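Architecture and fold: a report
Each chain is listed here by its residues.
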Amino acid sequence: QVQVVESGGGSVQAGGSLRLSCAASALSFFRIAAMAWYRQAPGKQRELVARISSGDSTNYGDSVKGRFTISRDNAKNTVYLQMNSLKPEDTAVYYCAVTSNQVYWGQGTQVTVSS
């Protein structure tokens, strides 16, 4: 059974940094097409934060460009999201999505940025 598990969320002051991790188990690397981070703030729709393909091409949401970096460790089936210069508007539940034969979602991890 495929499991997607996020970690690394927490509370930080504005201007600080956090690193999120997401590990996908029971999935062969060759079956993973892409891994991505989404976020959802209270009262808002879920939005794409960053995505990385199997070929390591990346794309980012406009609000995080230049501040967040997505990377992956193929040997560990793990994707990371390095978040720098955090702002209060980055506060949200962050979800990991792994695309293989279908999209698998993690349970989410809370990120809270205080001003």
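From a predicted model like this one, the values you see are computed outputs, not experimental measurements. (Residues numbered from 1 in each chain as written. Predicted model: local features only at pLDDT ≥ 70, side-chain atom pairs only at ≥ 80, totals over all residues. Heavy atoms only, no water.)

1. With respect to the sheet that holds strand β8 (residues 78-83)
Spatially, the 4 strands line up as an open sheet ordered β1-β3-β8-β7, and their pairing is antiparallel. Only two strands of the sheet have a single neighbouring strand rather than two, namely β1 (3-7) and β7 (68-73). Adjacent strand axes in the sheet meet at a mean angle of 15°, parallel and antiparallel pairs treated alike. Relative to strand β3 (residues 18-25), β1 is paired through 5 bridges, and the arrangement is antiparallel. What sits directly across from Val-5, in β3, is Ala-23. (Pairing = 2+ DSSP bridges. Helix = DSSP H or I, 4+ residues; strand = E, 2+ residues; numbered from the N terminus. Axes fitted to C-alpha atoms, helices over the stretch in contact; angles between N-to-C directions.)

2. A few points about the pattern of salt bridges
Pairing is possible between side chains that carry opposite charge, provided their charged atoms lie close to one another. Considering all chains together, one arrives at 4 salt bridges under this definition. Across the salt bridge formed by Arg-39 and Glu-47, the nearest N and O atoms sit 2.6 Å from each other. Take Arg-39: its relative accessible area is 5%, and that puts it in the buried class. When its relative accessible area of 35% is taken as the criterion, Glu-47 is described as partly exposed. Residue Arg-67 pairs with Asp-90 through a salt bridge whose shortest N-O separation is 2.8 Å. Taken as a pair, Arg-67 in the loop between β6 (58-60) and β7 and Asp-90 in the loop between β8 and β9 (92-99) lie far apart in primary sequence, 23 residues in all. The exposure class of Arg-67 is buried, given its relative accessible area of 10%. A single network of salt bridges, built from pairs that share partners, joins Arg-39, Glu-47, Arg-67 and Asp-90. (Salt bridge = Lys/Arg side-chain N within 4 Å of Asp/Glu carboxyl O. Buried < 20%, exposed > 50% of the residue type's maximum accessible area, 1.4 Å probe, protein only.)

3. Digging into the nonpolar core
By size, the foremost hydrophobic cluster in this structure holds 28 residues, and its most contacted members are Trp-37, Leu-81, Met-83 and Tyr-94. Among the elements of the structure, β3, β4 (34-40), β5 (47-53), β7, β8, β9 and β11 (109-114) are those that each provide at least two residues to this core. Not counting residues within four places of it along the chain, the set of residues in contact with Tyr-94 comprises Glu-6, Leu-20, Trp-37, Tyr-38, Arg-39, Val-49, Phe-68, Leu-81, Met-83, Gly-108, Thr-109 and Val-111. (Core = buried A, V, L, I, M, F, W, Y, C linked by side-chain atoms within 4.5 Å. Contact = heavy atoms within 4.5 Å.)

4. Things to note about the pairing of β5
In terms of strand pairing, β4 meets β5 through 6 bridges, oriented antiparallel. Bridge pairing in β5 links Ala-34 to Ser-53. Pairing analysis gives 3 bridges linking β5 to β6, with the strands arranged antiparallel. Residue pairing in the sheet places Arg-51 in a bridge with Asn-59 of β6.

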